[in-house]
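# Report on the structure
So you can see what is in the structure, the chains are spelled out below.
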Amino acid sequence: MAKHIMSLTVNGDTREFAVDDRDTLLDVIRNQMALTGTKSGCNTGSCGICTINNAAGEAVLSCLTPALEWDGESVTTIEGLEADGQLDAIQQAFVEFGAVQCGFCTPGVIMSAKALLNKYPQPTEAQINEGMAGVLCRCTGHIKVKEAIRNDFRLRINKGAESGSGR
Amino acid sequence: MLLPEHTLLKPVSLDQCLIMLRDLTAGGGERLEKAQLIAGGTDVIFNMRLKFFQPEHLVSVRRVPELQRIEELDDGGLRIGAACRLVDLADDPRIQSRFPAFKQALDAVASAQVRNMGTLGGNVCLETRCWFTNNSEEWRQGRQGCFKTDCEHCHVIPSSTHCHAINNADTPPALMALDAMLTVQSARGSREVPIAEFYRPDGMDHMDLQPDELLTHITVPATRDRNLFMKYTPRKGMDFSLGAIAVRCGGQGERAENIRIVLGSISSAPIVLVEPARVIEADGLGDASIEQAIEQMRDELGEVTNLYGRATYKKQIAKTLVRRALVKIRERV
Ligand SMILES: Cc1cc2nc3c(=O)[nH]c(=O)nc-3n(C[C@H](O)[C@H](O)[C@H](O)COP(=O)(O)OP(=O)(O)OC[C@H]3O[C@@H](n4cnc5c(N)ncnc54)[C@H](O)[C@@H]3O)c2cc1C
Ligand code: FES
Ligand code: FES
């Protein structure tokens, strides 16, 4: 099939790619940018593992969208959260609260949590449940994930000060 | 795993989009074969992944500015572009305050991820679903085909002469209860269809939409009536409905005028309950009258399938939804 040239900014890094109509955004991120943090799970929208953030900081499924629809746009993946060797507060919270087991879902869960916190910096229980319903973790039972999200705000305030005041 | 071969087209105006649709579908053929519209893509790409949809062209409505706007009408109604995202509509304070049933239905669609991508037009025009076409091509090949895959057979009701796939979208029952009007356009011109007349009880050909036509706007007229939407699903916040209901009703307390009760996700088209509405209008929203209305609805469900649940269970869900929705609406002012 014919290839088309498209440009995409991933984590602030703008590049051009030769893309096939059949490629999804996930294919480009993983195979062309070699950013394999974003995982491929069901490939049909049901598991949320491929979640990344769009330019507005909203959670979207990279498996369910043609790459060419994203020509000229900008996205953030799990690799883009850390800045200057410092984990983002939500990543730090996941570490502190042990919200990771096998880790396969973690990039999708964290990018979903990040989007949730972008929209609601101090989410209610209902907002957490709603916002995180689109991504499945088979290991943690979601409880520790919710704990990490509830504590993100505290970590963000404490950031720079001594960290690790959790458990 | 790559998607099936196709060409993605990206028109930047409504005119360009309509001309593309006209030219691509000029030779006739099946609705889904030549050109398929893609909005958020959450259902189109899903179906392409399963190699159920294999269109030659995808025509994207993402860059068509005419379809992205919400217009405020003089009387407080809203004229909504078909490509508006579900999340933007759910976050719109006008929809929250004026059309609770619509807001509740928008919130009920899938997950935050899907609502951040999916559009109202895509939800209104959602393909009907069943467990057979919801599986991969490899899986389907191990079995007999069905009407949708070029075989005279329905897996849902094997003796049937037509397809029983379900209209599983959440906003249609709410929009039907609210008397929404659809604007459909093609290069040949534009027409208005009340959403109540848009759907057909046929899983194969479930919409009044020609291959060269596009849904451009959904108009929700102003209303003072109480209204609500509810959905029943095993896993809240992600799953498709096992049953859904929308009710709109004038009057206060137990007095009910002009009531509209619409069931979704039970059949190939949303069902407007006629006799139950008549009972409630005559006798009000008291407990006894509600039970009588539920008794009356049995004949109106049509052939209930075993899709995603036994038929008897789904009838029970329908009854329970009617009871819950009517009890709840009488508490609304
Ligand atoms: C995991 C998962 C869960 C889901 N759960 C739900 C749910 O609970 N409830 C629910 O209702 N839906 C659900 N969906 C289905 C779907 O995501 C939503 O219905 C969504 O609103 C579809 O919108 P879209 O813009 O992504 O549609 P697309 O996938 O882009 O299009 C859907 C269909 O509509 C047609 N179409 C799109 N725009 C137009 C237009 N302007 N005019 C004419 N035809 C058009 C397309 O050709 C296609 O056939 C779910 C999907 C997934 C993947
Ligand atoms: S891989 Fe995208 S939702 Fe499962
Ligand atoms: S940590 Fe294993 S799936 Fe979530």
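Computed from a prediction, not measured in an experiment: that's the story for all the values here. (Residues numbered from 1 in each chain as written. Chains lettered and ligands numbered in written order. Predicted model: local features only at pLDDT ≥ 70, side-chain atom pairs only at ≥ 80, totals over all residues. Heavy atoms only, no water.)

## Observations regarding the overall build of chain B
Selection criterion: Only runs of H or I of at least four residues qualify as helices and only runs of E of at least two qualify as strands under DSSP, and these elements are numbered from the N terminus. As defined in this context, the radius of gyration uses C-alpha atoms, and a globule is described by 2.2 Å times the residue total to the power 0.38. A 1.4 Å probe rolled over the protein chains alone gives each residue an accessible area, and that area as a share of the maximum for its type sets the label: buried under 20%, exposed over 50%, partly exposed in between. In this description, contact between two residues means that some pair of their heavy atoms is separated by no more than 4.5 Å.
Tallying secondary structure elements over chain B gives 12 helices and 12 strands in all. At 20 Å, chain B has a C-alpha radius of gyration in line with the 20 Å of a compact globule built from 333 residues. Dimensions of chain B along its principal axes, counting C-alpha atoms only, are 55 × 50 × 35 Å. Within chain B, the proportion of its 333 residues that are buried is 57%. Across chain B, every contact between residues at least 6 apart in sequence was considered, and the portion connecting residues at least 24 apart equals 61%.

## What about the side chain of B:Asp43?
The topology assignment puts B:Asp43 in the loop between strand E2 (35-38) and helix H2 (44-49). Classification of B:Asp43 as buried rests on a relative accessible area of 12%.

## Examining the interface of chain B and chain A
How we decide: Throughout, buried area stands for the accessible area (probe radius 1.4 Å) lost by two parts on being put together, summed over both. Salt bridge, as applied in this entry: a Lys or Arg side-chain nitrogen positioned within 4 Å of an Asp or Glu carboxyl oxygen. Whenever a nitrogen or oxygen atom comes within 3.5 Å of another N or O atom, the pair is scored as a polar contact, on the condition that within protein one atom can donate a hydrogen and the other can accept it, and that pairs from neighbouring residues in sequence are kept only if both atoms are in side chains. Residues are grouped as follows: Ala, Val, Leu, Ile, Met, Phe, Trp, Tyr, Cys and Pro are nonpolar; Asp, Glu, Lys and Arg are charged; all remaining types, including Gly, are polar.
Tallying the contact residues gives 34 residues for chain B and 33 residues for chain A. In this assembly, chain B packs against chain A so that about 2800 Å² is buried in total across both faces, 52% of it on carbon and sulfur atoms. If you sort the residues of chain B by the area they bury against chain A, B:Arg49, B:Gln113 and B:Met117 come out on top, with a joint share of 22%. A:Glu69 is paired through a salt bridge with B:Arg63; the nearest N and O atoms lie 3.0 Å apart. Run the count over chain B and chain A and you get 14 residue pairs in polar contact (both at pLDDT 80 or more). Secondary-structure elements contributing two or more residues to the side of chain B that touches chain A are strand E1 (7-9), H2 and helix H6 (112-117) of chain B. Split by residue class, the side of chain B that touches chain A holds 14 nonpolar, 10 polar and 10 charged.

## Points about empty space enclosed by the protein
Residue and element names in this part refer to chain B. Here is the rule we go by: Detection works on a 1 Å grid of protein atoms alone, calling trapped sets that fit a 1.4 Å probe cavities and calling open sets with protein on both sides within 12 Å along at least five of seven lines pockets, with lining residues defined by an atom within 4 Å of a point. Grid points are joined across faces, edges and corners, and a volume is the space filled by probe spheres set on the points.
On inspection of all chains with the given rule, the structure shows 2 cavities of 30 Å³ or more. Considering only enclosed or pocket space, the largest cavity measures out at about 70 Å³ in volume. Every residue along the wall of the largest cavity is listed here: Cys130, Cys146, Phe147, Lys148, His153, Cys154, His155, Val156, Cys163, His164 and Ala165. For the lining of the largest cavity, the per-class residue count stands at 7 nonpolar, 3 polar and 1 charged. Counted as a void, the second largest cavity has a volume near 30 Å³. Lining the second largest cavity are Asp43, Asn47, Phe52, Glu127, Thr128, Arg129, Cys130, Thr133 and Asn134. The residue makeup of the lining of the second largest cavity, split by class, is 2 nonpolar, 4 polar and 3 charged.

## Section: helix H1 (residues 14-25) of chain B
It helps to recall that an α-helix has 3.6 residues per turn; residues three or four apart then point in one direction. All names here are of chain B. This is how the line gets drawn: Take the residue count of a helix, subtract one, and multiply by 1.5 Å to get its expected span. The reported arc concerns the directions from the helix axis to the C-beta atoms and nothing else.
Taking 1.5 Å of rise per residue, 12 residues should cover 16 Å, and H1 covers 16 Å from first to last C-alpha, within 8% of that figure. Three or more residues of H1 are buried, namely Leu14, Cys17, Leu18, Met20, Leu21, Leu24 and Thr25. Seen end-on, H1 carries its buried residues on one side only, within an arc spanning 160 degrees. Looking at the buried side of H1, the elements it contacts are E1, E2, strand E3 (57-60), strand E6 (181-186) and strand E8 (214-220).

## Structural notes on the pattern of salt bridges
Residue and element names in this part refer to chain B. For the structure shown, the criterion picks out 35 salt bridges over all chains. The salt bridge involving glutamate 72 is made with arginine 98; its shortest N-O contact spans 2.8 Å. Here glutamate 72 is found in strand E4 (residues 70-72), whereas its partner arginine 98 is found in helix H4 (residues 93-98), with 26 residues between them in sequence. Arginine 200 is paired through a salt bridge with aspartate 205; the nearest N and O atoms lie 2.9 Å apart. Given the relative accessible area of 35%, aspartate 205 is considered partly exposed. The network of salt bridges with common partners includes Arg188, Arg191, Arg200, Asp205, Asp208, Asp212 and Glu213.

## Quick notes on the pairing of E6(B)
All names here are of chain B. Put simply, the rule is: When DSSP finds two or more bridges between a pair of strands, those strands are recorded as paired.
Relative to strand E7 (residues 189-194), E6 runs antiparallel, the two sharing 6 bridges. Each residue of the ladder has a partner; that of threonine 183, found in E7, is glutamate 192. Hairpin connection from E6 to E7: 2 residues lie between these consecutive antiparallel strands. Where E6 lies against E8, 5 bridges are found, and the strand directions are antiparallel. From the neighbouring strand, threonine 183 faces E8, where its bridge partner is histidine 217.

## As for the domain arrangement of chain A
All names here are of chain A. Applied cut-off: These domain boundaries are the output of an automatic or database domain assignment.
Considered domain by domain, chain A is made up of domain 1 (4-79) and domain 2 (89-163). Taking only C-alpha atoms, the centre of domain 1 and the centre of domain 2 are 22 Å apart. If you look at the interface, domain 1 gives 16 residues, while domain 2 gives 14 residues. Across the domain 1 to domain 2 interface the summed buried area is about 1100 Å²; carbon plus sulfur atoms make up 64%. Where domain 1 meets domain 2, there are 0 salt bridges. Here domain 1 is connected to domain 2 by 3 residue pairs in polar contact (both at pLDDT 80 or more). The element best represented in the side of domain 1 that touches domain 2 is strand E3 (residues 51-53), accounting for 3 residues. Of the residues belonging to the side of domain 1 that touches domain 2, the class tally is 5 nonpolar, 9 polar and 2 charged.

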